[in-house]
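# Remarks on the overall topology
One letter stands for each residue in the lines below.
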Amino acid sequence: MQIQVVTESVNQAVIFAAKELRRYLERMLSEHGGQALITLSPRAERDTELCESFAVDLTPEGGSITGSGPRAVLLGVYDCLHNLGCRFLGPSARMERVPCIEPAGLTARYEKHADFAHRGVCIEGADSLDNILAFIDWLPKVGYNTFFSQFKTPYAFLKRWYNHENNSLSESELYSEDDAQRDMERIVCEIKRRGLILHCAGHGWTGEVLGFDALSWDAQDAPLPEKKRDLAAELGGVRGLFRGVPANTNLCLSNSEAREDFVRRVVDYAARQPDVDFLHVWLADEYNNVCECARCRETTPSDQYVELLNEIDLRLTRLGLDTRIVFLLYQELLWPPRSSRLNNPDRFVLMFAPISRSFEGSYELDASARPLPEYVRNRITLPRDISENMTFLRAWQTVFDGEGFAYDYHLGRAHYGDFGYVHISRVISRDIKKLRAMGLSGCISCQELRVCLPNALPNYVMGHTLFDAEADAERLIDEYFSAAYGKDWQKVKDYLTELSVLDCCDYVNGAGERENHDAACRAAEVRRLCGDFAAKNGREADDVFWSLLDYHRQYILRLARAIELLARGERNRAAGAWREMRDFICENEPEYQPYLDVYRVLEVTEKFTGFPVNEKQTKSMDGFPANAGQDTNERK
Ligand SMILES: [Zn+2]
């Protein structure tokens, strides 16, 4: 069948949408004659609505897809293809299912609108440029509208991959900040080609004020320049780099030169980068290291932060710039300001980052009864449970009634402890359904991009549910499994669901004592289930999902053995089992690179779970391994 897709729009996202629609429909209708003419029409040439809407009106002869803006048209095209039976099951063409259909099947007439404004993913882990581009391509296919490339360029994440950090079997490749600048241009180009919303920066501003590039959490060999010393936070009577890391060092925000330099850098960047829709302005990525000088002690870090943001807003307004600024509720900034208030709330978006939450359960909404703990300078502990986190959000919402979204970590660490990905997918669905009651308009997931082992169900459920908060998790899960695994899908679902029931999300994340009878029993049962499944089911080697399932089983057998030994207190054997798991995934990374972030799972199991076991790490402190508080990668 001949498919003609036309548009009067010159917007690149609409032109891209037209190419995509034609490409898929020609493939789906290749066995049929005749022709269809489809018109794509954005109601505006620019997406002003973050909650996009679109209308699909098609017959076998053609019809139209209309959207509130260019991005809405692209979302409408992918939704229409989904409606016709296409399944976009992961960030790769190999993970797509594209059916052959009859022309009569084209008939459809419906409208949809997005329930949440902020539906995105933020880069973490170790990523090649191809990993990033594949993920960006996948985002609108499952309903997302946003990509957040942290720092000014994603140098930190690209460098980890090209240097093959944590995988000594791969030879390190050179990767420079200039390479990252070049790759960033390509990334922005692909984001804008799809009309997606770009978020940038975050940490790093404080380090720049102190004279460093601060494109990562790397420690610097160079000392703090003497002429910058007064700008740094005073800690225990000394001003310097915090553990040598500029991005983790706070400023003396009573120092007018430090404030002025900070504000100027943010405003200059916003002026030079019109492609950035949301600019993140955060302080250092560590806590209990804010300035202790006499003038800073007269106020709170949150009051100083709000004053800084007001100054940035004033300058942006003078320049006629409408860049939105994202501010962060995290660490000491979880405590709301005592007297300062944001003067222009429409400029700002609140970002709630409950980094220390548990992932065994979902958000709790009945947090009103809890009092806010008192703020004590450089003596804070992070809220551990979810209702405590909610208390801070509620307190901020009494002083800021503007827009906000959650920034959460389901797929940042905890997912390595969910061996079937069904549990974490259900938690994601339940959390998203509670966002509105929390006064939040969406979620950006701070996560590894290579989260496809055994499959990419969690991000699939997340994208579809952020677009349609009514989407039923169980229906999405069944849709995913039936498309991924074919006729035997129910068996696979049962198996992965059983593995998920045995999840050790909080244990892997470092919470609780390392010697843990329950975790040991769960891990032993995981190994038994993996063995049973292999005995009963052969591998359908040609298919990516069955191949991943087989690889996943071999990986989980090794990981579960290491966890079981650690939880039994057999520390030497646990260390050996962990090294065996490490060698296995390092050896196989060339084949399974897009699906498992070897760098990150090894980092998490070392820094948080506590492998390989040594004396220092076995003594648990506040429920976390002794080294967890020193993790310079603990961040939003
Ligand atoms: Zn100070």
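Residues numbered from 1 in each chain as written. Predicted model: local features only at pLDDT ≥ 70, side-chain atom pairs only at ≥ 80, totals over all residues. Heavy atoms only, no water.

### Focus: the coordination of the zinc ion
- The protein atoms donating to the zinc ion are Cys252 (SG), Cys291 (SG), Cys293 (SG) and Cys296 (SG), with metal-donor distances spanning 2.2 to 2.3 Å.
- With 4 donor atoms in place around the zinc ion and angles of 106 to 113° between them, the coordination shape is tetrahedral.
- Linear spacing of the donor residues for the zinc ion on their chain is C-x38-C-x1-C-x2-C. Residue cysteine 252 is located in the loop between strand S12 (238-239) and helix H7 (256-272), and its partner cysteine 291 is located in the loop between strand S13 (278-281) and helix H8 (294-297); the two are separated by 39 residues in the primary sequence.
- Cysteine 252 sits in the buried class, given a relative accessible area of 4%.
- Overall, cysteine 291 belongs to the buried group, its relative accessible area being 2%. (Donors = N, O, S within 2.8 Å, 3.2 Å for Na, K, Ca; no water. Tetrahedral: all angles 85-135°; square planar, octahedral: opposite > 155°, others 65-115°. Helix = DSSP H or I, 4+ residues; strand = E, 2+ residues; numbered from the N terminus. Buried < 20%, exposed > 50% of the residue type's maximum accessible area, 1.4 Å probe, protein only.)

### Looking at the sheet that holds strand S14 (residues 324-329)
- Strand order in the closed barrel made by the 8 strands is S8-S9-S10-S13-S14-S15-S16-S17, with parallel pairing throughout. Averaged over neighbouring strand pairs, the angle between their axes works out to 25° when direction is ignored.
- Examined bridge by bridge, S14 and strand S15 (residues 348-352) share 5 bridges and lie parallel to one another. Bridge pairing in S15 places phenylalanine 327 opposite leucine 350.
- Across the sheet, helix H5 (residues 177-193) touches strand S9 (146-150) and strand S10 (197-202), and the angle it forms with S10 is around 145°.
- Together, S13, S14 and S15 form the strand contacts of helix H9 (residues 301-318), whose direction differs from that of S14 by roughly 175°. (Pairing = 2+ DSSP bridges. Axes fitted to C-alpha atoms, helices over the stretch in contact; angles between N-to-C directions. Contact = heavy atoms within 4.5 Å.)

### Some thoughts on the state of the cysteines
- Summed over the entire model, instances satisfying the criterion amount to 0 disulfides.
- As a non-bridged cysteine, cysteine 189 has cysteine 200 as the owner of its nearest cysteine sulfur, 14 Å distant.
- Taking the relative accessible area as the measure of exposure, cysteine 189 reaches 36% and is therefore partly exposed.
- Distance from the sulfur of cysteine 521, which forms no disulfide, to the nearest cysteine sulfur (cysteine 504) is 10 Å. (Disulfide = S-S within 2.5 Å.)

### Here we look at helix H19 (residues 598-609)
- Counted at 1.5 Å a residue, the expected span for H19 with its 12 residues is 16 Å, and the 15 Å between its end C-alpha atoms agrees.
- Burial within H19 is extensive, with 10 of its 12 residues counted as buried.
- Along H19, the residues that are buried comprise Val598, Tyr599, Arg600, Val601, Leu602, Glu603, Val604, Thr605, Phe608 and Thr609.
- For H19, the N-terminal capping position is held by aspartate 597, with its side-chain oxygen 3.3 Å away from the main-chain nitrogen of tyrosine 599.
- Taken from the residues just after H19, glycine 610 is the one with a positive phi, measuring 105°. (Expected span 1.5 Å × (residues − 1). Polar contact = N/O pair within 3.5 Å; in protein donor to acceptor, adjacent residues only side chain to side chain.)

### Details of the sheet that holds strand S3 (residues 53-59)
- The strand order S1-S2-S4-S3-S7 describes an open sheet built from 5 strands, whose pairing is mixed. The two strands at the open ends of the sheet, each matched to only one other strand, are strand S1 (2-7) and strand S7 (108-113). Between one strand axis and the next, the sheet turns by 10° as a mean value, whatever way the strands run.
- In this structure, strand S2 (residues 35-42) lies alongside strand S4 (residues 62-67), joined through 6 bridges in parallel fashion. Note on S4: the bridge partner recorded for proline 42 is glycine 67.

### Description of the domain arrangement of the protein
- The domain boundaries assigned to the protein delineate domain 1 (2-113), domain 2 (118-483) and domain 3 (484-629).
- On a C-alpha basis, the centroid separation for the pair domain 1 and domain 2 is 33 Å.
- Taking both partners together, domain 1 and domain 2 bury about 2,200 Å²; carbon and sulfur atoms supply 63% of that area.
- Per-residue buried area on domain 1 facing domain 2 is highest for Leu50, Leu89 and Pro91; these three make up 27% of the total on that side.
- Between the two partners, domain 1 and domain 2, sit 3 salt bridges.
- The shortest N-O distance in the salt bridge between glutamate 479 and arginine 87 comes to 3.9 Å.
- Here domain 1 is connected to domain 2 by 13 residue pairs in polar contact (both at pLDDT 80 or more).
- Broken down by secondary-structure element, the contributors of at least two residues to the side of domain 1 that touches domain 2 are helix H1 (12-28), helix H2 (70-83), strand S5 (87-88), strand S6 (96-97) and S7. (Domains from an automatic or database assignment. Buried area = accessible area lost by both parts, 1.4 Å probe. Salt bridge = Lys/Arg side-chain N within 4 Å of Asp/Glu carboxyl O.)

### Some remarks on the pattern of salt bridges
- Under the defined criterion, the tally for this structure stands at 51 salt bridges.
- In this structure, the salt-bridge partner of arginine 193 is glutamate 190, at a minimum N-O distance of 3.0 Å. Taken together, the residues arginine 193 and glutamate 190, both in helix H5 and 3 residues apart, mark about one turn of the helix.
- A relative accessible area of 28% places arginine 193 in the partly exposed class.
- For glutamate 190, a relative accessible area of 9% gives the class buried.
- Between aspartate 478 and lysine 493 there is a salt bridge, and its shortest N-O distance comes to 2.8 Å. Of this pair, aspartate 478 sits in helix H13 (residues 473-485) while lysine 493 sits in helix H14 (residues 489-501), placing them 15 residues apart in sequence.
- Judged by relative accessible area, aspartate 478 falls into the partly exposed class, the value being 27%.
- Salt bridges sharing common partners tie together Glu96, Asp137, Lys141, Arg186, Glu190, Arg193 and Arg194.

### Describing the packing of aromatic side chains
- Inspection of the entire model under this criterion finds 29 aromatic pairs.
- Each ring, one from phenylalanine 148 and one from tyrosine 407, has its centre 6.1 Å from the other, and the planes form 55°; the classification is tilted. Separated by 259 residues along the polypeptide, phenylalanine 148 in strand S9 and tyrosine 407 in strand S16 (residues 404-408) bring together distant segments of the chain.
- Between tyrosine 480 and phenylalanine 481, the aromatic rings sit 6.5 Å apart at their centres with planes inclined by 75°, giving edge-to-face as the arrangement. (Phe/Tyr/Trp six-rings, centres within 6.5 Å; stacked < 30°, edge-to-face > 60°.)

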